[in-house]
Amino acid sequence: MLTAALIGAPLAVIPALPAQAAACLDGAVSWWADQAGSANQLFPSSSTSYKTSTRCNDINFRVGKSSFTGNVRVCWVSAGGCNSWKKHTSTTGGWMLIATDVKDNTTFRVELDFASADYGKFPAGQVAF
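In this report, we go over the structure that sits alongside the text. (Residues numbered from 1 in each chain as written. Predicted model: local features only at pLDDT ≥ 70, side-chain atom pairs only at ≥ 80, totals over all residues. Heavy atoms only, no water.)

**What to know about the environment of Arg62**
Note the threshold: Secondary structure elements are defined from DSSP: runs of H or I of at least 4 residues count as helices, runs of E of at least 2 residues count as strands, and each element is numbered from the N terminus. Exposure is judged per residue with a 1.4 Å probe applied to protein chains only, and the accessible area is read against the type maximum: over 50% gives exposed, under 20% gives buried, and values in between give partly exposed. Working rule for contacts: check all heavy atoms of both residues, and any pair within 4.5 Å makes them a contact. Polar contacts, as counted here, are pairs of nitrogen or oxygen atoms within 3.5 Å of one another; within protein the pair requires one atom able to donate a hydrogen and one able to accept it, and residues that are adjacent in sequence qualify only if both atoms are side-chain atoms.
As for its placement among the helices and strands, Arg62 is situated in strand S4 (residues 59-63). On the accessibility criterion, Arg62 (30% relative accessible area) is partly exposed. For the pair formed by Arg62 and His88, sequence separation is 26 residues and the distance between their alpha carbons is 9.0 Å. With near-sequence residues (within four places) excluded, Arg62 lies in contact with Trp31, Gly94, Trp95, Gly125 and Gln126. Reaching out from Arg62, the side chain makes a polar contact with the side chain of Gln126 at a distance of 2.4 Å.

**Regarding the layout of surface pockets**
Keep this limit in mind: Cavity means a closed set of points on a 1 Å grid over the protein atoms alone, one where a 1.4 Å probe fits but cannot get out, pocket means an open set with protein on both sides within 12 Å along at least 5 of 7 lines, and lining means a residue has an atom within 4 Å of a point. Grid points are joined across faces, edges and corners, and a volume is the space filled by probe spheres set on the points. The residue classification treats Ala, Val, Leu, Ile, Met, Phe, Trp, Tyr, Cys and Pro as nonpolar and Asp, Glu, Lys and Arg as charged. All others, Gly included, are polar.
Computed from the structure, the largest pocket encloses a volume of approximately 190 Å³. Considering the residues around the largest pocket, the lining is formed by 12 residues, among which Trp32, Asp34, Leu42, Phe43 and Pro44 are closest to the centre. Of the residues assigned to the lining of the largest pocket, the class counts are 6 nonpolar, 5 polar and 1 charged.

**Focus: the pairing of strand S10 (residues 124-128)**
Worth spelling out the cut-off: DSSP bridges decide pairing: two strands pair if at least two such bridges lie between them.
The pairing of strand S1 (residues 29-32) with S10 spans 4 bridges and is antiparallel. Following the sheet pairing, Ser30 is matched in S10 by Gln126. With 4 bridges joining them, S4 and S10 adopt antiparallel strand pairing. Residue pairing across strands places Val63 opposite Gly125, the latter belonging to S10.

Here is the structure:
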């Protein structure tokens, strides 16, 4: 009887995250801008770095409740170079993929380039890797 009643009822489809993706995002670490100016900022800092793990295959980035317009990229500590810039706007929302297929135990930093409209703001968010 219950089955017959549900057949005509509309169903909401909620996409499920694969278990690995959920575990990756659950292990995210926080970042915050300690200065807001024209200079780019490196996270976690210019003298420390993050290290990828088996938890994630990619590097994901998001801004918290504050808005942020600018560019973001990954800089590889051991290789000494950076990926190309990816545009982030206050309307991007949610998680943003900033590097894919990253090997485990790779050291990196995340670099932010503030748009002139966001000088003086102190955004914060998370990085999952």
